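Observations on the three-dimensional arrangement
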Amino acid sequence: NKQTILLLFLYKKPFAESFEETPLLVAVLTYMGYGILTIFGYLRDFLRHWSIEKCHVAREKEEQKDFVPLYQDFENFYTRNLYMRIRDNWNRPICSVPGAKMDLVERVSHDYNWTFEHTGKVVKDVINMGSYNYLGFAENTGACADAAIEATEKYGVGVGSTRCEIGNLDIHEELEQLVARFLGVESSMAFGMGFATNSMNIPALTGKGCLILSDELNHASLVLGARLSGSTIRVFKHNNMQSLEKLLRDAIAHGQPRTHRPWKKILIVVEGIYSMEGSIVRLPEVVALKKRYKAYLYLDEAHSIGALGPNGRGVVDYFGLDPKDVDIMMGTFTKSFGAAGGYIGGKQELIDYLRRHSHSALYATSMSPPVAQQIITSMRIIMGEDGTTLGVDRIRQLSENTTYFRRELREMGFIIYGNDDSPVVPMMLYMPAKIGAFGREMLKRNIGTVVVGFPATPIIESRARFCISAAHTREMLDTVRVERFYLQWEQNNFKMSLKIALKRSLARQHKLEKCL
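The structure presented is a predicted model; accordingly, all values stated were derived computationally and were not measured.

**Some points on the environment of Lys 335**
Tracing the sequence through the fold places Lys 335 in the loop between strand S9 (328-332) and strand S10 (342-346). Lys 335 sits in the buried class, given a relative accessible area of 10%. Separated by 197 residues in the primary sequence, Lys 335 and Ala 138 place their C-alpha atoms 8.7 Å from one another. The contacts of Lys 335, once residues within four sequence positions are left out, are Tyr 132, Asn 133, Tyr 134, Ala 302 and His 303. Within the local environment of Lys 335, its side chain forms a polar contact with the side chain of Thr 334, the two groups lying 3.0 Å apart.

**Examining the UniProt feature "domain: Aminotransferase class I/classII large" (unreviewed entry) in the protein**
When the UniProt feature table is mapped onto this chain, "domain: Aminotransferase class I/classII large" (unreviewed entry) is found at residues 124-480. Annotated as residues 124-480, this span is 41% helix and 18% strand, and its ends, taken at the C-alpha atoms, are 16 Å apart.

**Notes on the environment of Thr 473**
By secondary structure assignment, the location of Thr 473 is in the loop between strand S15 (462-467) and helix H17 (474-515). Looking at Thr 473, the relative accessible area reads 32%, which means it is partly exposed.

**Comments concerning the pairing of S10**
Most of S10 sits out of view: 5 of its 5 residues are buried. Neither face of S10 is open: one carries Gly 342, Ile 344 and Gly 346, the other Tyr 343 and Gly 345, and all of them are buried. In this sheet, S10 lies alongside S9 in antiparallel orientation, the contact comprising 4 bridges. The partner of Gly 331 across the bridge, within S10, is Tyr 343.

Conventions and cut-offs
Residues numbered from 1 in each chain as written. Predicted model: local features only at pLDDT ≥ 70, side-chain atom pairs only at ≥ 80, totals over all residues. Heavy atoms only, no water. Helix = DSSP H or I, 4+ residues; strand = E, 2+ residues; numbered from the N terminus. Buried < 20%, exposed > 50% of the residue type's maximum accessible area, 1.4 Å probe, protein only. Contact = heavy atoms within 4.5 Å. Polar contact = N/O pair within 3.5 Å; in protein donor to acceptor, adjacent residues only side chain to side chain. UniProt positions renumbered as here; feature names shortened; annotations may be inferred. Pairing = 2+ DSSP bridges.

Spelled out as structure tokens, the structure:
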């Protein structure tokens, strides 16, 4: 049909993504688990109210009861009674470079994770499966570290001013010219914070009378930027082009609410790789729709820049598209480049406009010089301008590690979300009790993982998220795979022992009935 022919024309290679629906029994058991936890939460709140159990939470004083409440007690029910029980899985202090392996500060809690104490011990050589260190540039030795040290000696660490005053260094301009060349656009602009790159620049690009069409799984920085802009926001289903096209048609047919005037601007906002789903944007289809309906496209490549494409130039490079097809190219330096900050690339007119109107450009302190140098050096390595093949080798290694890790997990029977080429690998856990248990058990085996549950994910889709790096060796990935297999084997053994105990109980009951 026409749809299939269009997809074959747009995509030059297979586009494989999987999102297995939650099994009904698992969904029912997950809801039951949250229900039981909620009941016990109310019971604990009752005990705290009557001072039977010690209360650690913030509460209004008696003399403030008649005032407007500063603390919404009910809104913090989940944090107080569910999240707090598994809080030890997050915010773990690291005392080394977060490379392929890392060292963690050991800590203990004597009050069920309300407070922590450091034991003074260090957990050494934990395999790092949680950092966004896609190309392995988070390191304290090598060309990047040496260049950053030289920049520190020359410029110092802080600038102490904004770019538009006296904080504009030659190293900043060198970085922006390099980023523009790397992306294949006319110009670019660098910012000191990745989150602010979205939240402070979208309000400069759209305003009242404009329409933003946002993917339902867009990052919080994009959502905040869209809200701050004052534009009308409409959300389309994740990576669903039929949903996006319907919104575009309605927007053009009906215009603005009440007045029905045409929208001043329609901006489509998407991400390259979605960090919680591991999915890749259907960019060829988005670009086709954007051209057909004369909209603008804002592409957030925070996770995809450096991690996708034969040249590491992101999702545009991955699909073999023209960078000019994307109006606003945004990305961060915090992941593949092992640094901090973000960028926006596009036409010269766009960048000139942002230099005059962006809050992040006018009011934020300039990027730290050693950070800028880290980005410059790592980007040149990726581009091959350092005279070596190290960049190409790392891009290839990341792709091989991603393919191997995803394939092995699927063969072991785990439910994996996302695109086959995405280095973000979500493995479904579903039940709330598994969130804390999985994170703790993996750490016991010297593997650091990120576990995620509600409200960061839908209530029945809790998961462990693994971030693959070019720095991971095959032995490290095999260690993670074997440990997960061991955990699964333990779980199956537990289920088997329950079945055996149940059979024995039924057999004893049957014998008793015979005797009677």
